[in-house]
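Examining the three-dimensional arrangement
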Amino acid sequence: PGYRMWNEYARFGEALQFPLFSAVTSVWDGMYSTFWLDGVLSSNYSLESRPPWQSYWLGTSAWMAVLPTLAILFGTIMPIGHMLARPKEPWTYMDRMQLFACGCIGIYLAAILYMHLRIPIWSGAKASYMSSITPCIAFLAIRGYERMTASSRWLGAFAFAWFGCWYMTAYVSYFITMPLITEF
């Protein structure tokens, strides 16, 4: 660190391949890996002092979090598309709330990107900085999930099962502890 490159803002995917410490490769990988899992292992670098998380299950939960991420993105894009497609149509209360949540997330993302540009440290892009707008993110995820599954009962059942599996991988990652391997 000490400088920034344009490709740190233009790529994503390292968090799915190597979820731990992927924050050093791009902003979006850092946001994803710290939003859905402890992508920086509580800032501990040695095997002796790292938390007792299950690394294999953390990697699995990174992949399982793709559907919740899509639900959030769908819940974010939907009101903006609605606003552009029908600007004269009156908005419902839920549409206004959804747009408010999108605005909150946009402001926080802009602040994180600004901080990431101004302060060249690798931990500049952490989703924990957005923890105060968790209700907005959850609201958009629910609205996106409703829209994604409105067309088919089978799609809804698949998404519900996926969310259950994602929940279980997250639970096993953090709450089922096993002894740490300290030698290779």
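Here's a quick rundown of the structure. These numbers were taken from a predicted model, which means no experiment stands behind them.

Taken as a whole, the largest pocket encloses approximately 520 Å³ of empty space. For the lining of the largest pocket, the secondary-structure elements that each account for two or more residues are α3 (27–36), α5 (66–85) and α6 (93–118). A class-by-class count of the residues in the lining of the largest pocket yields 15 nonpolar, two polar and no charged.

Take helix α8 (residues 153–175) next. If you check α8, its first and last C-alpha atoms are 33 Å apart, about what 23 residues at 1.5 Å a residue would give, namely 33 Å. For α8, the elements touching its buried residues are α3, α4 (55–64), α5 and α7 (134–149). Two to three positions downstream of the cap, the backbone nitrogen of W154 sits 3.2 Å from a side-chain oxygen, assigning the N-cap of α8 to S152.

Structurally, the α-helix is built with 3.6 residues per turn, so residues lying three or four positions apart point the same way. L58, G59, S61, A62 and M64 are the residues of α4 that are buried. The elements touched by buried residues of α4 are α2 (14–17), α3, α5 and α8.

About the thresholds
Residues numbered from 1 in each chain as written. Predicted model: local features only at pLDDT ≥ 70, side-chain atom pairs only at ≥ 80, totals over all residues. Heavy atoms only, no water. 1 Å grid on protein atoms, 1.4 Å probe; cavity = no way out; pocket = protein on both sides within 12 Å on 5 of 7 lines; lining within 4 Å. Points joined across faces, edges and corners; volume = space filled by probe spheres on them. Helix = DSSP H or I, 4+ residues; strand = E, 2+ residues; numbered from the N terminus. Nonpolar A, V, L, I, M, F, W, Y, C, P; charged D, E, K, R; others polar. Expected span 1.5 Å × (residues − 1). Contact = heavy atoms within 4.5 Å. Polar contact = N/O pair within 3.5 Å; in protein donor to acceptor, adjacent residues only side chain to side chain. Buried < 20%, exposed > 50% of the residue type's maximum accessible area, 1.4 Å probe, protein only.

So, to be careful, I would describe these as geometric facts and stop short of saying anything about function.
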